[in-house]
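Each chain is listed here by its residues.
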Amino acid sequence: MKIYITGLGVISAIGTNVEENYQSLQEEKTGIEKIKFLSFDSVVLAGEVKLSNDALIEKMSLKNGFYSRTSLLGIVAAKESWGKNSLNQSIRTGIISATSVGGMDKSEKYYRQVLQKETTDISFILTHDSGNTTEKIAKELGINGYINTLSTACSSSANAIMLAARLIEQNKLDRVLVGGADALTQFTIKGFHSLMIYDNEWCRPFDENRKGLNVGEGAAFLVLENEKSIEKTGNKPYCIISGWHNAADAFHQTASSPDGKGATLAMQDAMKKAKINPNEISYINAHGTGTKNNDLSESVAIKNIFKQNIPPFSSTKSFTGHTLAAAGAIEAVFSILAMNNNILFPNLNFSQSISETELLPQTKLQQVENVKNVLSNSFGFGGNNTSLIFSKI
Amino acid sequence: MYFIQAASTISHQPTFKNKSFSENISTLNTASELLSPDYKKYITPVMLRRMSKILRMSVACSVDCLEQTDIKSPDAIVVGTGLGCLDDTEKFLNNIISIKEGLIPPTSFIQSTHNTIAGQISLILQNHNYNMTHTQNTLSFEHALQDAFLCLDEGGENVLVGAADEHIEILDDIAEEIGYKNMQLTSGASFFIVSTKNNKNSKICVLNAASYGLFNSFSESLEDFFSASIPLLGKSKIDLGTIDLILFSTLQEKTKNEIADLFKGKSIVDYEKYSGTYFTNSAFALHLAIDILESGKNNFNGMTIDMKRILICNNLNSQNMGLILVEKVEA
């Protein structure tokens, strides 16, 4: 059974829709800058979406209501991806989103009021739970029934895409709007600082002198459909999702294993699912956060699988920052753009290979003959590793 | 159908390692507390020191489940949680707001992510299989359960699936501010091993589970649920009359009346009066249903009939409906 991808939508630090994101990727223009909209007590580089909450509400012509920034970003990307689709009783449709912070951007304001014994604004806490962000998006589009949210830290939306594919494969649903969203928060920026893996300069994925990540924000959504559904919708597929796998590293709550066990399992079994060999992978959109630990572990895992024949790979987090739960979906959209345009996106800010593994990422934008199968990696806290494979039809 | 090989719950009731607990429980009173087991029996002291309530409850229930079977490592670990690791989330929020200078300790940040629960279980079991966390407020458990069934349909034999939520004090203030009255907010964790095989241990199976987000009407959801359950049962029709007990939770008079109308003459019990209120208390209801079915004739809520089939209706959030159908396996 083929599972088609027929809709794409994305908002990130490098653009508010697919076209703008693609333009920035081609121009090798990063969106990581000093933050402007999130109030923060020091200067910090992050991948912030260049629109205020008010601007997002206006852009989407939303009525009054309680929206966390996470759901605002989600609504933008979901609407772009959903496009002209309509609901139809004969197409069983669900929505799955992913988030790690949910409405934390508002909750942290509420909690500050509580701690400082100020009058609290209860509307700030009503959007806290992760499920709320998905319900807000579902309501905007009128979707009901299967409405679900996954939260597995930085692999969340890759897992959402995987769950959507499984639900279609098992004939539980015909069509799924799936993605993820996360807003910048003090909680996460200070969190990665507390772990001492926040780079105060531009992040340098896969570079020997990498110091850590820059957090980003954004959202991306995709429409997945089965054959029956596209016959009715008439949607033209971009590609299929051919492989997926989630594996637990079971090594440490945050750190990745030195032998890349979980990552290796995820990539290997995703290829098994897609029934393709390592030499058929045209491009890897790596997790590549820019932390010492992830990039080394991921490099080891890539070498475990691909041995001497490493396909071109890059981390587009050097453009968007690490968008946490949204990363898997944003990078899925980028992977599909790479495939449909036969283009390889560069890994910015790279100058020297990691001494232990000596891998060389793609550093220039490059047009190639055929990007046939793209492997996209997303790894998260709790040793949660997921690989997805997108293939040309 | 999916067989229950093991079940374990830590709650405000004497549920933990206490078969037939349903015979001896009564509705919660406001002074009730979480009944915690001796966690040292299940978790090493080093790990225990760092663990919040939700992690302790979840890991102890998971280990207990595995000990009830001869399964060392399940084919998947699937967890549902409505609000996740609140205690660590609050601790870290507190730290980032109050520590103005100097280093902020990272432990509570690390442990604040929702998937810390499933991640810790994989660490302790050294399990490299599928590891997932669902968080759809009051439907988180039903979603986890459906995912566990997908894993079984894909060829897995045994899946560890459960749900947990923890109470922290600020929730009481928030509930009051929102206007919820007479609600007893509690903590709880329930874990299960579900399996495709009916080994000697399992007397109970879950026929089907479903979640209806932003649902239209109860009767419509129920109709859809039963028609989806029919092929799983190999029957042409499910007779509402064959359901012996309806366990429900709702704050809506409308839903209460609808249930009473649809299931006239049946036993209908509000499980929330036993579990207290937390986002994933339908997992408590599943364990309660399993225990009632296993006990045969029992005294739960003064009932003395031999129960065969129980329906759990979760309408804790007025917009959402979760349904789980549980049945005693014919000998």
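Please read these numbers as outputs of a predicted model, since none were measured by experiment.

Conventions used here
Residues numbered from 1 in each chain as written. Chains lettered and ligands numbered in written order. Predicted model: local features only at pLDDT ≥ 70, side-chain atom pairs only at ≥ 80, totals over all residues. Helix = DSSP H or I, 4+ residues; strand = E, 2+ residues; numbered from the N terminus. Rg over C-alpha atoms; globule rule 2.2 N^0.38 Å. Buried ≥ 20, exposed ≤ 12 C-beta atoms within 10 Å, placed from the backbone. Contact = placed C-beta atoms within 7 Å. Domains from an automatic or database assignment. Nonpolar A, V, L, I, M, F, W, Y, C, P; charged D, E, K, R; others polar. Expected span 1.5 Å × (residues − 1). Core = buried A, V, L, I, M, F, W, Y, C linked by C-beta atoms within 7 Å. Pairing = 2+ DSSP bridges.

### Focus: the overall build of chain A
Piece 1. Secondary structure assignment for chain A yields 12 helices and 14 strands.
Piece 2. For 393 residues, the compact-globule estimate of 2.2 N^0.38 gives 21 Å, and the C-alpha radius of gyration of chain A, at 19 Å, lies within 12% of that figure.
Piece 3. On the principal axes, the C-alpha backbone points of chain A span a range of 60 × 50 × 40 Å.
Piece 4. By residue count, 63% of the 393 residues in chain A fall in the buried class.
Piece 5. In chain A, once contacts between residues fewer than 6 apart in sequence are set aside, the share between residues at least 24 apart is 79%.

### Points about the domain arrangement of chain B
Residue and element names in this part refer to chain B.
Piece 1. What the domain assignment lists for chain B is domain 1 (2-195) and domain 2 (205-328).
Piece 2. Relative placement of domain 1 and domain 2: their C-alpha centres are 22 Å apart.
Piece 3. Between domain 1 and domain 2, the contact holds 43 residues from the first and 34 residues from the second.
Piece 4. When residues in the side of domain 1 that touches domain 2 are grouped by element, the largest group, 7 residues, is from helix α6 (residues 140-153).
Piece 5. Across the side of domain 1 that touches domain 2, the residue classes tally to 17 nonpolar, 23 polar and 3 charged.

### Considering helix α2 (residues 53-67) of chain B
Piece 1. Between its first and last C-alpha atoms α2 of chain B spans 21 Å; for 15 residues at 1.5 Å apiece the expected length is 21 Å, and the two agree.
Piece 2. Counting buried positions along α2 of chain B gives 13 out of 15 residues, so the element sits mostly inside the fold.

### Here we look at the domain arrangement of chain A
Residues and elements named next belong to chain A.
Piece 1. Here chain A is described as being made up of domain 1 (4-233) and domain 2 (242-391).
Piece 2. Facing the 60 residues of domain 1 at the interface are 53 residues of domain 2.
Piece 3. In terms of residue count, the dominant contributor to the side of domain 1 that touches domain 2 is helix α6 (residues 156-169) (7 residues).
Piece 4. Its residues assigned to classes, the side of domain 1 that touches domain 2 shows 30 nonpolar, 22 polar and 8 charged.

### With respect to helix α9 (residues 261-274) of chain A
Residue and element names in this part refer to chain A.
Piece 1. For α9, with 14 residues, the first-to-last C-alpha span of 20 Å sits near the 20 Å given by 1.5 Å per residue.
Piece 2. Among the 14 residues in α9, 10 count as buried, and that is most of the element.
Piece 3. Along α9, the positions that sit buried rather than exposed are Lys261, Gly262, Ala263, Thr264, Leu265, Ala266, Met267, Ala270, Met271 and Ala274.
Piece 4. Those residues of α9 that are buried lie in contact with β8 (239-248), α10 (292-306), β13 (373-380) and β14 (384-391).
Piece 5. Directly beyond the C-terminal end of α9, a positive phi value near 55° is found at Lys275.

### Let's talk about the environment of Ala326 of chain A
Residue and element names in this part refer to chain A.
Piece 1. Here Ala326 shows up in the loop between α11 (317-320) and α12 (327-341).
Piece 2. Overall, Ala326 belongs to the buried group, with 35 C-beta atoms counted inside 10 Å.
Piece 3. Spatially, the C-alpha atoms of Ala326 and Val18 are 15 Å apart, while their sequence positions differ by 308 residues.
Piece 4. Contacts of Ala326, omitting those with residues within four sequence positions, involve Ser157, Gly180, Ala181, Asp182, Gly218, Ala219 and Ala220.

### Description of the nonpolar core
All names here are of chain A.
Piece 1. Membership of the largest hydrophobic core comes to 211 residues, with the highest contact counts inside it found for Ile161 and Val333.
Piece 2. Looking at which element gives the most residues to this core, the answer is α12, with 10 residues.
Piece 3. Discounting residues that sit within four places of it in the chain, Ile161 has contacts with Val178, Leu222, Ile241, Gly328, Ala329, Ala332 and Leu388.

### Topic: the environment of Asn373 of chain A
Piece 1. Here Asn373 of chain A shows up in strand β13.
Piece 2. Discounting residues that sit within four places of it in the chain, Asn373 of chain A has contacts with Ile276, Glu280, Ile281, Ser282, Ile389 and Ser391 of chain A.

### Quick word on the pairing of strand β1 (residues 4-11) of chain A
Residues and elements named next belong to chain A.
Piece 1. In terms of residue burial, β1 counts as a mostly covered element, since 8 of its 8 residues are buried.
Piece 2. Sheet analysis places β1 next to β8, joined by 2 bridges and oriented antiparallel. By the bridge assignment, Ile5 is partnered in β8 with Cys239.
Piece 3. Bridging between β1 and strand β7 (residues 218-225) involves 7 bridges; their strand directions are antiparallel. Paired with Ile11 across the bridge in β7 is Ala219.

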